[in-house]
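# Breakdown of the fold
Below, each chain spelled out in residue letters.
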Amino acid sequence: MTHHRFPLSRISRGAAIASLATLGLAVSASAQALTVISFGGASGEAMQKAYYGPFTEQTGIDLTPGDYNGELSRIRAMVETGNVSWDLVEMESPELVRGCFEGLFEPIDWQRLGLGDQLIDAAFDECGVGTFVWSTVLAYDADALDAAPTSWADFWDVERFPGTRGLRRGAKYTLEFALMADGVAVDEVYEVLRTPEGVDRAFAKLDELKDHIQWWEAGAQPPQWLVAGDVAMTSAYNGRIAAAQEEGSNLEIVWDESLYDLDYWAIVAGSEHVDEAYQFIEFASQPENQAVYSSEIPYGPVHPAAIEQLDDAQARRMPTHEENMAGALAIDTGFWVDHGEELEQRFSAWAAR
Amino acid sequence: MSANLTATLASTKPGGNLKAQLRRAERLRKLKAIGLVAPLALFLIVVFVVPIGSMLWRSVDNTELDAVMPLTAQGLRDWDGTGLPDNATLAAFAAELRDSRQGGGLGRIGRRLNYEDTRYRGLLMTTLRGLPAPGEVDTDTDWAAILSEIDPAWGETDTWLGIQRAAPTTTDRYLLASLDLERGAEGGIQRIDSQDRVFLSVFQRTMVIAGGVTLICLALGFPLAYLLATLPARTSNLLMILVLLPFWTSLLVRTASWIILLQSNGLVNQGLINIGLIDSPLQLVFNRIGVFFAMVHILLPFMVLPLYSVMKGISPSYQRAAISLGAHPFAAFWQVYVPQTISGVAAGTILVFIMALGYYITPALVGGPADQMVSYYVAYYTNTTNNWGMAAALGSLLLVITLLLYLVYHRLVNRKQLIRS
């Protein structure tokens, strides 16, 4: 690993970085470093604190962080043109499976990683190593409602809980919640959804609520609408609700019947820093480092020992906490990889009417 | 130059040579003209003709299978569609499937075949895992048996018919799908299942929204432009700045501020409740009303500016003359003034209408699912599902519709102008 040293001492660091970036010199300098691409935002800041900084400090390997929106098309373009400038990327599970199938990621050599079977089962994937667990939950403003809703059946009950509902615009999550509201047991949801009658049943249930739904697309919208009083309750990502709680809003989460999934680290096929990438993944999978990440943002660690290192209040806010996990359902990635396209097509036809 | 020319003329014989000289001079002028136009022409070709051409091509392009599995595609094109394809085709399929993982080829055909049936991606995946190593096979290998053993689906004619449908290098499936049509089993064109029909209503809705926005802009913009054109310069300049202000604000900021103004607890609803007009908040945003508010606000300047520039050039004396000859003021306005503004009205409406047709961000932010226009689906297919065939087909249809409407409109406006004058 070559270290490039610039005479930074005499000029301000910020100005130096800015001018280097302008000249394009930063690219040649970082070409030697491991490039790690995450989703950025609050989660990216937590990663900086828990993983990026300490990793460089401990191993001396230069690391260039970056962020993106999870689109597979950019990685596809890199691999197909043979111009791979990203080494390690944070992936959501359906994209990970699709990209793995297309040969966009290096298959993970679990022997080499030396993690044994320490992580939770869902963290093991052909092309990816799980890094944290996030969840889509039912959230509401406790100040605005007289009684507390406890299930998706309550979410559908506009008599008892009047007001607009927020749901994500798309078939994913929405169909699962509709079936749960229609009385399907949590562990039978995907079984039912795999049948044409099950899909019809989910859409029929959505028909009932259609006039009361305000559709969201960005994760920032649900907490914002709850706080503004636009919706009485909504589906939302648990990390976003936690952020709003920290700002003083009295938002509540219903963990029963929530849907959880993992984000993964994946090594882009053709990366020149595979060794460093393995080192980084191993570092980021250590319980003490995962505990730092999860204390910054309430997404659950994939190493069970990390949960024990968190203080109780924070651990209770995680999708991975025993009590929260009890009534929750893991998103069936394979189902959405296989049927996502036709169901999204049908959803957009349905929603557009 | 002219001295030279005279000298040359004098030194040569008259007749054919003079003609040649003239031709040469003419040619030089033509070359200069071409040289002056060339940069613009080149620019237009690079940024306009080529992208639009490639978009039109994309909407019928079907080369995924042919590019990744050329031998299989050829074999399936020659296959008569009964029983199973011959052993050579099956062997080529197995070999090409094994090679396809390099460079993302497997992903491309997986995606393409999934448009035919969603089980193909998984089927290719399991088959790839089950294939025998290249050393274990020879020319006598019975591939039908091997493939059927990996997955019984390969023993069914339908499985191969599905892949055969993806084998030709061009297809009309995307253009048909954009019109809610598809090819039936016998090759005839039929409507798709009613639960999946979406695009005809999306195209219709796009026209209705764009037309509505154009009419509202005209209704609001015409009096405003008239006021601007007739007020003293100082006042009208001040008003003009107000008209232009939205130009200098980012589209996203303007759209976001409409959300804040119109939401249930927003300023507009609060104001209406406070003055006692309504008891509970009106739903003003995330529906069609919000889309109209935001789009009219953004597009109004494009109506006002062409109208203003035309009105500024109309002398007020015509109207005064008409009134002094006994016309009612309204008749003078309607029969003398308005016809003179027709070219401005035409420019403004066509500009606003065409811009409104392509709107994407505004309806996506302030509309509901039933307010999304064609561009939303173009973006959806491009970014989310990577189905560029569908995105290109929708874009091509939108382009064709826009051109047709423009032609019709052009003829109508020209005829009107002829009749009036």
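These numbers were taken from a predicted model, which means no experiment stands behind them. (Residues numbered from 1 in each chain as written. Chains lettered and ligands numbered in written order. Predicted model: local features only at pLDDT ≥ 70, side-chain atom pairs only at ≥ 80, totals over all residues. Heavy atoms only, no water.)

### Considering the overall build of chain B
Definition in use: Only DSSP runs of H or I covering at least 4 residues are called helices, and only runs of E covering at least 2 are called strands; the numbering of each starts at the N terminus. Note that the radius of gyration is over C-alpha atoms, with the globule rule given as 2.2 Å times the number of residues to the power 0.38. The rule is simple: take the accessible area with a 1.4 Å probe, protein chains only, and divide by the maximum for that residue type; under 20% is buried, over 50% is exposed, in between is partly exposed. Note on contacts: a residue pair qualifies if any of its non-hydrogen atoms lie within 4.5 Å across the two residues.
Counting its secondary structure elements, chain B contains 20 helices and 2 strands. Its C-alpha atoms give chain B a radius of gyration of 32 Å, more than 25% over the compact-globule value 22 Å for 421 residues. On the principal axes, the C-alpha backbone points of chain B span a range of 100 × 100 × 35 Å. Per-residue burial over chain B gives 40% buried out of 421 residues. Pairs at least 24 apart in sequence give 70% of the contacts found in chain B among residues at least 6 apart.

### Focus on the UniProt feature "domain: ABC transmembrane type-1" (unreviewed entry) in chain B
Formally: UniProt positions are given in the numbering used here, feature names are shortened, and annotations may be inferred rather than shown by experiment.
As recorded in UniProt, the feature "domain: ABC transmembrane type-1" (unreviewed entry) lies at residues 203–409 of chain B. The span residues 203–409 of chain B shows a helical share of 78% and a strand share of 0%, and its end C-alpha atoms are spaced 18 Å apart.

### Observations concerning the state of the cysteines
All names here are of chain A. Test applied: Disulfide assignment relies on a single distance test, namely cysteine sulfur atoms paired within 2.5 Å.
Under the counting rule described, the total for this entry stands at 1 disulfide over all chains. Bridging Cys100 to Cys127, the disulfide has an S-S length of 2.0 Å. In this structure, the disulfide formed by Cys100 and Cys127 twists by about 60° around the S-S bond and is classed as right-handed. Taken as a pair, Cys100 in helix H5 (residues 93–101) and Cys127 in the loop between helix H6 (110–113) and strand S4 (129–141) lie far apart in primary sequence, 27 residues in all. Classification of Cys127 by relative accessible area gives buried; the value is 1%.

### Structural notes on a nonpolar patch on the surface
Which entries qualify depends on this criterion: Candidates for patches are residues over 30% relative accessible area with no salt bridge; among them, like charges are joined within 9 Å and nonpolar side chains (Val, Leu, Ile, Met, Phe, Trp, Tyr) within 5 Å. Only the protein chains shown count as cover for residues, with accessible areas throughout obtained via the Shrake-Rupley method and a probe of 1.4 Å. The salt bridge criterion pairs a side-chain nitrogen of Lys or Arg with a carboxyl oxygen of Asp or Glu, the two atoms within 4 Å.
On the surface, B:Leu40, B:Leu42, B:Phe43, B:Leu44, B:Ile45, B:Val46, B:Val47, B:Phe48, B:Val49 and B:Val50 cluster together into a nonpolar patch covering about 960 Å² of accessible area. When you line up the elements, B:Leu42 lands in helix H2 (residues 16–58).

### Some words on the UniProt feature "transmembrane region" (unreviewed entry) in chain B
Residue and element names in this part refer to chain B. Mapped onto the present numbering, the UniProt feature "transmembrane region" (unreviewed entry) falls on residues 33–57, 207–229, 241–261, 289–310, 345–368 and 388–409. As a span, residues 33–57 carries 100% helix and 0% strand, and end to end its C-alpha atoms are 33 Å apart. Secondary structure across residues 388–409 comprises 100% helix and 0% strand; the distance between its end C-alpha atoms is 31 Å.

### With respect to the packing of aromatic side chains
Note the following rule: Ring pairs shown here join Phe, Tyr and Trp side chains whose ring centres sit within 6.5 Å, with only the six-membered ring taken for Trp; geometry is labelled stacked below 30 degrees between planes, edge-to-face above 60, and tilted in between. Only when the NZ atom of a Lys or the CZ atom of an Arg is both within 6 Å of the ring centre and within 35 degrees of the ring normal do we say a charge sits over the ring.
As enumerated under the stated definition, the model contains 38 aromatic pairs over all chains in all. Seen from their ring centres, B:Tyr376 and B:Tyr377 are 5.3 Å apart, and the 80° between their planes marks the pair as edge-to-face. B:Tyr377 carries the same exposure label as B:Tyr376, and that label is buried. Through a chain of ring-to-ring contacts, three or more aromatic side chains come together here, namely A:Tyr51, A:Tyr52, A:Phe55, A:Phe132, A:Trp265, A:Phe280, A:Phe283, A:Tyr293 and A:Tyr299. A:Lys210 extends its terminal NZ or CZ atom over the ring of A:Trp350, reaching a point 4.5 Å from the ring centre.

### Brief notes about the interface of chain B and chain A
Which entries qualify depends on this criterion: Two parts placed together each lose some accessible area under a 1.4 Å probe, and the buried area is that loss summed for both. In protein, a polar contact means a hydrogen-donor-capable atom and an acceptor-capable atom, both N or O and within 3.5 Å, with residues adjacent in sequence counting only if both atoms are side-chain atoms; elsewhere, any N or O pair within 3.5 Å suffices. Residues are grouped as follows: nonpolar covers Ala, Val, Leu, Ile, Met, Phe, Trp, Tyr, Cys and Pro; charged covers Asp, Glu, Lys and Arg; every other residue, Gly included, is treated as polar.
Tallying the contact residues gives 40 residues for chain B and 31 residues for chain A. Interface area lost by chain B to chain A is led by B:Arg121, B:Gln195 and B:Pro369, which between them contribute 19%. Where chain B touches chain A, the interface holds 2 salt bridges. The partner of B:Arg129 in a salt bridge is A:Glu126, and the shortest N-O contact between them spans 3.6 Å. Remark: the boundary between chain B and chain A carries 9 residue pairs in polar contact (both at pLDDT 80 or more). Broken down by element, the side of chain B that touches chain A gets its largest block of residues, 7 residues, from helix H6 (residues 105–116) of chain B. Its residues assigned to classes, the side of chain B that touches chain A comprises 14 nonpolar, 18 polar and 8 charged.

### Here we look at the pairing of strand S8 (residues 251–267) of chain A
Residue and element names in this part refer to chain A. What counts here: Two strands qualify as a pair provided that DSSP identifies no fewer than 2 bridges between them.
Where burial is concerned, most of S8 is hidden: 15 out of the 17 residues are buried. Inspection of the sheet shows strand S3 (residues 88–92) paired to S8 by 5 bridges, in the antiparallel sense. Residue pairing across strands places Glu90 opposite Trp265, the latter belonging to S8. Bridging between S4 and S8 involves 11 bridges; their strand directions are antiparallel.

### As for the pattern of salt bridges
All names here are of chain B. Under the definition given, this model contains 24 salt bridges over all chains. With a closest N to O distance of 3.9 Å, Arg29 and Glu26 form a salt bridge. With Arg29 and Glu26 both in helix H2 and 3 residues apart, the pair spans about one turn of that helix. For Arg29, a relative accessible area of 57% gives the class exposed. According to the relative accessible area criterion, Glu26 is partly exposed, its value standing at 38%. Connected through shared salt-bridge partners, Glu64, Arg112, Glu116, Arg165 and Arg173 make up one network.

### Quick look at the packing of helix H3 (residues 41–59) of chain A against helix H14 (residues 287–296) of chain A
Residue and element names in this part refer to chain A. Formally: To obtain an axis, a line is fitted to C-alpha atoms, over the contacting stretch when the element is a helix, and the angle between two such axes runs from 0 to 180 degrees between their N-to-C directions. In this scheme, a crossing is called left-handed if the near helix is turned counterclockwise away from the far one by less than a right angle; it is called right-handed if the turn is clockwise.
At their nearest, the axes of H3 and H14 sit 8 Å apart, and the two run at 150° to each other. H3 and H14 meet at a crossing whose hand is right-handed. Packed against H3, whose contacting residues are Ser43, Ala46, Met47, Lys49, Ala50 and Tyr51, the element H14 presents Asn289, Gln290, Val292, Tyr293 and Glu296 at the interface. For the contact of H3 with H14, the per-class residue count stands at 6 nonpolar, 3 polar and 2 charged.

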